[in-house]
Amino acid sequence: MEKIKLLINIEETRQILLITIRGGHFFIVIGGIYFAYFYPFSLTAFLTHKRIRNDGSERQYFIKDHHPAIISDEDWNAAQQEMKRRSKMLRDPDGKYAQVYSNTSYFSNSFYCGECGSPVVRRRLTSERNGEKYLYTAWQCRAKIHPKKYNIKCSGRHVWEEALEREFMDLIYELKENRSQVIEEANEVIAEYDLNIKEKERLGILEEKLETINERLVELTDNSTSSVSGAYEATIRHLYYEQEMLQAELEELNEKQQESRHLAKQLSKLLMYLDELEERAENQPFRADIFKQTVHRGIIYRNYDVTIEFKCGIARQVRATRVKEEE
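Keep in mind that what you see is a predicted model, and the values were worked out from it rather than measured.

A short note on the state of the cysteines
Here comes step 1: According to the stated counting rule, one finds zero disulfides in the structure shown.
Here comes step 2: In this structure C113 is not part of a disulfide, and its nearest cysteine sulfur, from C154, lies 3.5 Å away.
Here comes step 3: Looking at C154, the relative accessible area reads 10%, which means it is buried.

The following block contains the structure:
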């Protein structure tokens, strides 16, 4: 098996590793993560013996597991799931409005408007107290700030940043005091995504069938040096069709299983932070690290209610008024 490694710089900021393997298979790895593959198969010219691109003069076949994988299937599935998850994190619950990640604040790209669904952005506003002006930081729907730009009429109000910080810390201590309830609720969500007994059995059957098909394809294609004879073509086409059907079903089950594992991992992370919390103080400092690591997103409503959705699947509601209301 011939292997040729080629390193290419792209825009002087990224490096893409292209690995050419037998038959012209190309794999793309960016930053150590396997992203995509394509197959510009090549041929050897009869007279010149030079490698030329196969533009359809010979049939092309893809054989899974024909050579050692760059990364494992588990790492591949986890990477794909994480890419989808990060894309969803920058969109509102309905998937209509997107945010551009800025990382200028720990709340950046974390909140959405509960009235119109638009992203909530940070603002520096001016107010007056005892005849003196002062500045404060707040978060408000971007459509409310620029209604003409986004062509949306929104009635959302701004929420003080210090109110969001205060209510989040109160919520975290409440979760700590009700640790068993948090675990129970999160496990219920995890169970919804986890594979049941029949699905796990089906997953094993699919893997066995795909392995058998791949072995058969390798056997058929290796029987010919330059091209596959016509006697094998019908069989190979049928095997590829069956492979596509089984692979689609397998990916669906794998995606569901990966989400379950992700939620369980996020629950462990949340519990770790809860266990590390010190005793509650009167002026408890805001823990930005806990917010960034455990919160999926938040929804801010006009009446100052804020829904906090955690990465482990649970959600809680707080009321972020300027002055904390008496319970």
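Focus: the pattern of salt bridges
Any two side chains of opposite charge can pair if their charged atoms end up close together.
Here comes step 1: A complete count under the given rule lists twelve salt bridges for this structure.
Here comes step 2: In this structure, R122 and E161 form a salt bridge, with 2.8 Å as the shortest nitrogen-oxygen distance. Of this pair, R122 sits in strand β8 (residues 120-129) while E161 sits in helix α4 (residues 161-177), placing them 39 residues apart in sequence.
Here comes step 3: Here R122 falls in the partly exposed class, since its relative accessible area comes to 41%.
Here comes step 4: Owing to a relative accessible area of 8%, E161 belongs among the buried residues under this scheme.

Some details on the sheet that holds strand β12 (residues 305-310)
Here comes step 1: On the basis of which strands lie adjacent, the open sheet formed by four strands has the order β7-β11-β12-β13 and mixed pairing. Each end of this open sheet is capped by a strand with a single partner; those strands are β7 (111-113) and β13 (315-319). Shown here is a sheet whose adjacent strand axes are inclined to one another by a mean of 25°, direction ignored.
Here comes step 2: In terms of strand pairing, strand β11 (residues 295-300) meets β12 through five bridges, oriented antiparallel.

Calculation notes
Residues numbered from 1 in each chain as written. Predicted model: local features only at pLDDT ≥ 70, side-chain atom pairs only at ≥ 80, totals over all residues. Heavy atoms only, no water. Disulfide = S-S within 2.5 Å. Buried < 20%, exposed > 50% of the residue type's maximum accessible area, 1.4 Å probe, protein only. Salt bridge = Lys/Arg side-chain N within 4 Å of Asp/Glu carboxyl O. Helix = DSSP H or I, 4+ residues; strand = E, 2+ residues; numbered from the N terminus. Pairing = 2+ DSSP bridges. Axes fitted to C-alpha atoms, helices over the stretch in contact; angles between N-to-C directions.

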